[in-house]
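Residue strings, one per chain:
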Amino acid sequence: MKCDLIVVGGGPGGSMAAKAASEAGLKVVMLEKRQEIGDPVRCAEGVSKRTLNRLVKLEPEWIASEVKGARLYAPDGTSIVMSEDKSGGEVGYVLERKVFDRGLAMLAAQAGATVLVKTRALGLLRKNGAISGVSAMRIGEPLEIEAPLIIGADGVESKVGRWAGIDTALKLQDIESCAQFLVHDASIDEEYTEFFLGNNIAPSGYAWSFPKGEKLANIGLGIQGSRSKPGEAVRLLHKFMKARFPNGRVVEMVVGGDPCSGPIESATTDGVMLVGDAAHQTDPLTGGGILNAMQAGVMAGEVAAKAISAGDMSRRGLVEYETRWREKIGKTIARSFQFKEFFVKLNDNDMNQLLGSLAKEDISKMDLAGMLRVLFRFNPKLLWSLKSLII
Amino acid sequence: MLTVNRYKCCYCGACVGVCPTCALELVETWLEVSAECKECGLCTKICPVGALEVNA
Ligand SMILES: Cc1cc2nc3c(=O)[nH]c(=O)nc-3n(C[C@H](O)[C@H](O)[C@H](O)COP(=O)(O)OP(=O)(O)OC[C@H]3O[C@@H](n4cnc5c(N)ncnc54)[C@H](O)[C@@H]3O)c2cc1C
Ligand code: SF4
Ligand code: SF4
């Protein structure tokens with residue numbers, strides 16, 4: 001089999017890359033090792049409305065629910081509310097990712113991409129030193145696909161970068177260990193996504209409730225890998241459920257790892273571009289990565305088409321992708337990483353103090369920058385190290 | 001030796017992402033451990049369900 005571009009991984013990043021490259025005229029093959037795209041889910045499914053609507057034409061069945069905003073709880077129970085349009089990347093829609101991921105793969109196929117499921121990339125092929133394709137296993141049979149350019153969209157377990165010489169192995173402090181239940185409970189707030197802070201709830205992370213309608217919600221938590229031990233995420237989630245949703249009925253279980261390393265040094269090398277979780281493009285503070293993966297996918301797909309028509313698949317030929325993703329999402333990721341590095345060191349008293357000072361103000365019309373300025377005004381000592389990011 | 005409790009594993013791939021030697025491979029629901037494993041134990045710590053163990 002021969003093509004212009006191979007996309008490894010059929011998540012949101014891969015599908016958007018395959019779609020963009022096909023629309024730009026490339027012959028694209030997208031490999032997905034699972035037999036069913038999108039399943040099992042490893043996600044809380046929250047995304048911002050505005051950005052998602054800019055990226056694709058939505059199908060109603062992709063959306064489980066819409067929320068008005070976010071409510072944040074300090075360890076002592078004090079809460080603040082932020083409206084949806086001010087809450088950033090993960091608040092707005094709660095998706096049905098099993099349907100959404102498959103829908104995006106369908107868009108890639110409709111744009112002309114060949115989608116191969118139950119097909120796992122095993123390694124890169126090389127000819128005279130240059131990358132010339134991917135060796136794969138397709139429903140138990142070996143398959144070689146030739147192409148001069150590869151996009152690695154293979155998620156948190158990415159190997160494409162490592163095969164090509166980009167070390168994307170995650171250090172324990174750079175990944176959150178997560179567990180989540182889909183819960184039915186009469187006490188679920190259907191209008192707000194909720195975030196619960198506290199070192200007893202989720203050390204160097206947070207717990208969440210993302211409502212999916214009909215009194216169902218994704219209730220989960222993530223803890224920093226360096227503070228995790230075997231089975232800790234699931235254990236803490238059981239404890240949180242008991243304390244907060246004692247009557248909740250669990251109808252589904254999700255676990256996963258979410259990168260939070262900040263921007264990697266390079267997401268490109270000769271013949272290869274990495275997008276999404278494979279390039280650690282998740283927001284390190286919130287863990288949100290769907291929209292970043294999709295945006296990076298579009299950029300990589302477009303740059304792939306240019307590189308193929310220019311005949312230059314070297315790292316230099318792919319530099320436009322590197323520049324564009326850093327500009328569009330990398331800066332925010334870097335900023336969030338600095339906030340995360342600060343956040344993971346806070347004790348419960350600090351968090352109570354910070355949220356307590358916001359609870360006294362009318363923040364309903366404020367965006368994040370405005371809120372940070374208020375926080376700084378009331379807590380200059382605590383926030384001194386973040387001064388340059390806030391003012 | 002690294003052992004995988006396949007009755008516990010939820011095949012999420014977090015362990016694959018942290019393995020410094022690329023010794024793990026998730027084949028849909030089946031986690032494979034290769035001879036590259038150095039028994040460093042990083043993967044056991046990240047596993048949300050506690051399906052991995054390094055035994056002497
Ligand atoms: C518990 C949890 C909650 C989260 N909550 C949110 C949230 O609320 N909002 C948000 O925006 N983000 C959230 N995220 C992050 C989000 O899920 C990811 O950032 C997003 O899925 C990244 O998309 P992707 O396309 O890069 O990778 P993925 O969606 O992981 O897709 C990668 C695909 O590649 C395939 N693959 C891997 N290796 C191979 C191979 N060798 N050959 C073929 N195929 C391969 C995989 O099977 C997979 O389908 C959460 C993550 C976790 C773990
Ligand atoms: S981290 Fe644990 S649950 Fe996830 S694939 Fe590895 S062994 Fe299985
Ligand atoms: S013990 Fe260390 S080397 Fe072995 S699989 Fe786990 S992370 Fe990799």
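This text goes with the structure placed above it.
First things first, this report covers the structure right here in the doc.

The rules behind each value
Residues numbered from 1 in each chain as written. Chains lettered and ligands numbered in written order. Predicted model: local features only at pLDDT ≥ 70, side-chain atom pairs only at ≥ 80, totals over all residues. Heavy atoms only, no water. Helix = DSSP H or I, 4+ residues; strand = E, 2+ residues; numbered from the N terminus. Buried < 20%, exposed > 50% of the residue type's maximum accessible area, 1.4 Å probe, protein only. Contact = heavy atoms within 4.5 Å. Areas by Shrake-Rupley, 256 points an atom, 1.4 Å probe, with all protein chains shown as cover. Lys, Arg positive; Asp, Glu negative; His and termini not counted. Charge placed at Lys NZ, Arg CZ, Asp CG, Glu CD. Near = heavy atom within 4 Å. 1 Å grid on protein atoms, 1.4 Å probe; cavity = no way out; pocket = protein on both sides within 12 Å on 5 of 7 lines; lining within 4 Å. Sits in = over half its atoms within 2 Å of the grid points. Nonpolar A, V, L, I, M, F, W, Y, C, P; charged D, E, K, R; others polar. Axes fitted to C-alpha atoms, helices over the stretch in contact; angles between N-to-C directions. Parallel < 35°, antiparallel > 145°, perpendicular 65-115°, else oblique. Left-handed = near helix turned anticlockwise from the far one by under 90°. Salt bridge = Lys/Arg side-chain N within 4 Å of Asp/Glu carboxyl O. Polar contact = N/O pair within 3.5 Å; in protein donor to acceptor, adjacent residues only side chain to side chain. Pairing = 2+ DSSP bridges.

So, the overall build of chain A
No. 1: A count of helices and strands for chain A gives 11 helices and 19 strands.
No. 2: Taken along the three principal axes of its C-alpha coordinates, chain A extends 65 × 45 × 40 Å.
No. 3: Counting the 391 residues in chain A, one finds 61% classified as buried.
No. 4: Counting contacts in chain A only where the partners sit at least 6 residues apart, residues at least 24 apart contribute 71% of the total.
No. 5: Element-wise, carbon and sulfur atoms account for 51% of the exposed surface of chain A, whose accessible area totals about 16300 Å².
No. 6: Between the centroid of the 49 positive side chains of chain A and the centroid of its 47 negative side chains there is a distance of 3 Å.

Brief notes about the side chain of S357(A)
No. 1: Among the secondary structure elements, S357(A) is positioned in helix α8 (residues 348-359).
No. 2: Leaving out residues up to four positions away in the same chain, S357(A) has contacts with L375(A), F378(A) and N379(A).

Here we look at the site of ligand 2
All names here are of chain B.
No. 1: C9, C10, Y11, C12, G13, C15, L31, C47, P48, V49, A51 and L52 make up every residue found near ligand 2.
No. 2: For ligand 2, the cavity whose grid points lie within 2 Å of the majority of its atoms is the largest cavity.
No. 3: Residue composition of the shell around ligand 2, by class: 11 nonpolar, one polar and no charged.

Notes on the packing of helix α6 (residues 290-310) of chain A against helix α7 (residues 319-343) of chain A
Residue and element names in this part refer to chain A.
No. 1: Between α6 and α7, whose axes approach to 9 Å, the crossing angle comes to 165°. With respect to each other, α6 and α7 are oriented roughly antiparallel. Considering how the two elements wind past one another, α6 and α7 form a crossing that is right-handed. For the pair α6 and α7, contact is made by N292, Q295, A296, M299, A300, E302, V303 and K306 and by E320, Y321, R324, W325, K328, I329 and I333, respectively.
No. 2: In the contact of α6 with α7, the residues fall into eight nonpolar, two polar and five charged.

Quick look at the pattern of salt bridges
It is possible for side chains of opposite charge to pair when their charged atoms get near one another.
Residues and elements named next belong to chain A.
No. 1: Applying the stated criterion to the full structure yields 24 salt bridges over all chains.
No. 2: One salt bridge connects R71 with E194, and the closest N-O pair in it is separated by 3.2 Å. In this pair, R71 sits in strand β5 (residues 69-73) while E194 sits in strand β14 (residues 192-196), placing the two residues 123 residues apart along the sequence. For the pair formed by R71 and E194, the shared burial category is buried.
No. 3: Here E252 and K98 are joined by a salt bridge, their closest N and O atoms 3.1 Å apart. Of this pair, E252 sits in strand β17 (residues 249-259) while K98 is found in helix α3 (residues 97-110), placing the two residues 154 residues apart along the sequence.
No. 4: Residue classification places E252 among the partly exposed residues on the basis of a relative accessible area of 30%.

With respect to the site of ligand 1
All names here are of chain A.
No. 1: In the vicinity of ligand 1 lie 36 residues, with G13, E32, A44, G46 and D277 positioned nearest.
No. 2: Residue G13 places a main-chain N or O atom 2.9 Å away from an oxygen atom belonging to ligand 1.
No. 3: Between an oxygen atom of ligand 1 and a side-chain N or O atom of R34, the distance comes to 3.2 Å.
No. 4: Contact with the protein chains hides 94% of the accessible area of ligand 1, taken as 990 Å² for the molecule alone.

Quick notes on the sheet that holds strand β11 (residues 141-146) of chain A
Residues and elements named next belong to chain A.
No. 1: Spatial ordering of the open sheet is given by β9-β10-β11, a layout of three strands whose pairing is antiparallel. The two strands at the open ends of the sheet, each matched to only one other strand, are β9 (119-127) and β11. Neighbouring strand axes in the sheet, compared pairwise and without regard to direction, differ in orientation by 25° on average.
No. 2: As judged from the eight bridges shared by β9 and strand β10 (residues 130-138), these two strands associate in the antiparallel manner. Residue T119 lies in a different strand from β10, and its bridge partner there is R138.

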